[in-house]
Amino acid sequence: MTSPPVGRRERKKAATRQSLADAALRLFLERGYDAVSIRDVAEAADVSTTTLFKHFSGKEALVFDEDSAREATLVAVVRDRAPGQSIPAALRDHFLAVRQRFAGEPAFAEFERLIAGTPVLRDYADRMWMRHRVALAAAIAAEVGAPEDDPACHALAHFALQALSLTRDVDDPARALREAFALLENGWGALRGR
């Protein structure tokens, strides 16, 4: 997780950014993503649209304001895993723990419905999530002593991140994650023999 801003100016910028993100999410949930303009969000946060664009690259970015913290967490999951724990198992356990932490929270369910029901947000979320592949692959490579551009490390990072998409629209998301990571851990040959 990133450390809190220290100086007055940084605190003020962080507060403005948070105010914008909060206003955007509230408006998107109330009215629907497509019915809310950038101007609506800026007005709700009591800032200009110019100020909004100083903090966010566009409308979709307002929904996903914790992207760098997620990447740092993924790298830490690989780097700080328990001794003897495999990288796929550490990532699986992390994803399951996050899912469990938010399960049953009405606000999170509402947020997930907003993303799932808005194609532009769903696509943006997928693109943003998959951007972490490079950092995750580098962390995996460092842990196994492989070069940073190792194709196997990049494949593991890619498929581990992509596994979360299998949890959409299924009755048992945790089972879907466990099955995907069993495949990553054991390979296709182990599953074919079941």
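For the structure given in this document, a descriptive report is provided here. (Residues numbered from 1 in each chain as written. Predicted model: local features only at pLDDT ≥ 70, side-chain atom pairs only at ≥ 80, totals over all residues. Heavy atoms only, no water.)

What to know about the overall build of the protein chain
If you tally the helices and strands in the protein chain, you get ten helices and zero strands. Going from the N terminus to the C terminus, the protein chain shows its helices and strands as α-α-α-α-α-α-α-α-α-α. Reported as C-alpha extents along the three principal axes, the dimensions of the protein chain are approximately 60 × 40 × 25 Å. Per-residue burial over the protein chain gives 35% buried out of 194 residues. Counted over contacts in the protein chain with a minimum sequence separation of 6, partners at least 24 positions apart contribute 59%. Accessible surface, the protein chain: about 11,700 Å² in total, of which carbon and sulfur atoms supply 52%. Averaged over its 27 positive side-chain charges, the protein chain has a centre that lies 3 Å from the centre of its 28 negative ones. (Helix = DSSP H or I, 4+ residues; strand = E, 2+ residues; numbered from the N terminus. Buried < 20%, exposed > 50% of the residue type's maximum accessible area, 1.4 Å probe, protein only. Contact = heavy atoms within 4.5 Å. Areas by Shrake-Rupley, 256 points an atom, 1.4 Å probe, with all protein chains shown as cover. Lys, Arg positive; Asp, Glu negative; His and termini not counted. Charge placed at Lys NZ, Arg CZ, Asp CG, Glu CD.)

Considerations on the packing of helix α6 (residues 106-116) against helix α7 (residues 119-130)
Describing two packed helices takes the angle between their axes plus the distance from one axis to the other. With their axes 6 Å apart at the nearest point, α6 and α7 run at an angle of 100° to one another. Put simply, α6 runs roughly perpendicular to α7. Of the residues in α7, those touching α6 at Leu114, Ile115 and Ala116 are Leu121, Arg122 and Ala125. When grouped by side-chain class, the residues that make up the contact of α6 with α7 number five nonpolar, no polar and one charged. (Axes fitted to C-alpha atoms, helices over the stretch in contact; angles between N-to-C directions. Parallel < 35°, antiparallel > 145°, perpendicular 65-115°, else oblique. Nonpolar A, V, L, I, M, F, W, Y, C, P; charged D, E, K, R; others polar.)

Examining the packing of helix α5 (residues 87-102) against helix α9 (residues 151-162)
It is the contact of α5 with α9, at a shortest axis distance of 11 Å, that shows an interaxial angle of 20°. Put simply, α5 runs roughly parallel to α9. Of the two possible hands of crossing, α5 and α9 adopt the one that is right-handed. Of the residues in α9, those in contact with Ile87, Pro88, Leu91 and Phe95 of α5 are Leu156, Ala160 and Leu161. (Left-handed = near helix turned anticlockwise from the far one by under 90°.)

Re the side chain of His154
In this fold, His154 is placed in helix α9. Residues contacting His154, with those up to four places away along its chain left out, are Arg133, Ala137, Glu148 and Asp149.

Side note on α6
The complete set of buried residues in α6 reads Phe111, Leu114 and Ile115. Buried residues in α6, looked at end-on, bunch into an arc of 95°, giving them a common side. Turned more than 90 degrees away from the buried face of α6, the exposed residues are Pro106 and Arg113. Looking at the buried positions of α6, the neighbouring elements they touch are α1 (8-31) and α7. (Arc of directions from axis to C-beta.)

Focus on the packing of aromatic side chains
A full pass over the atoms with the stated rule returns four aromatic pairs. Here the aromatic rings of Phe95 and Phe181 are separated by 5.8 Å at their centres, their planes lie at 50°, and the arrangement is tilted. Taken as a pair, Phe95 in helix α5 and Phe181 in helix α10 (residues 173-192) lie far apart in primary sequence, 86 residues in all. By relative accessible area, Phe95 is classed as buried at 5%. (Phe/Tyr/Trp six-rings, centres within 6.5 Å; stacked < 30°, edge-to-face > 60°.)

A few points about the side chain of Lys59
Counting through the fold element by element, Lys59 comes out in the loop between α3 (49-55) and α4 (67-79). For the buried Lys59, no salt bridge is present, and the opposite-charge side chain at shortest range is Asp34, 5.1 Å distant. Among the polar contacts listed, one links the side chain of Lys59 to the backbone oxygen of Tyr33, at a separation of 2.9 Å. Residues in contact with Lys59, not counting those within four places in the same chain, are Phe28, Tyr33, Asp34, Val36 and Ile38. (Salt bridge = Lys/Arg side-chain N within 4 Å of Asp/Glu carboxyl O. Polar contact = N/O pair within 3.5 Å; in protein donor to acceptor, adjacent residues only side chain to side chain.)

Digging into α7
Over its twelve residues, α7 extends 17 Å from the first C-alpha to the last, a length consistent with the 16 Å expected when each residue adds 1.5 Å. Among the residues of α7, those classed as buried are Leu121, Tyr124, Ala125, Met128, Trp129 and Met130. (Expected span 1.5 Å × (residues − 1).)

Things to note about the pattern of salt bridges
For the coordinates displayed, the defined rule picks out seven salt bridges. With a closest N to O distance of 3.4 Å, Arg31 and Asp40 form a salt bridge. Taking the relative accessible area as the measure of exposure, Asp40 reaches 23% and is therefore partly exposed. When the shortest N-O distance is used, the salt bridge between Glu112 and Arg99 registers 3.5 Å. Residue Glu112 is found in helix α6, and its partner Arg99 is found in helix α5; the two are separated by 13 residues along the sequence.

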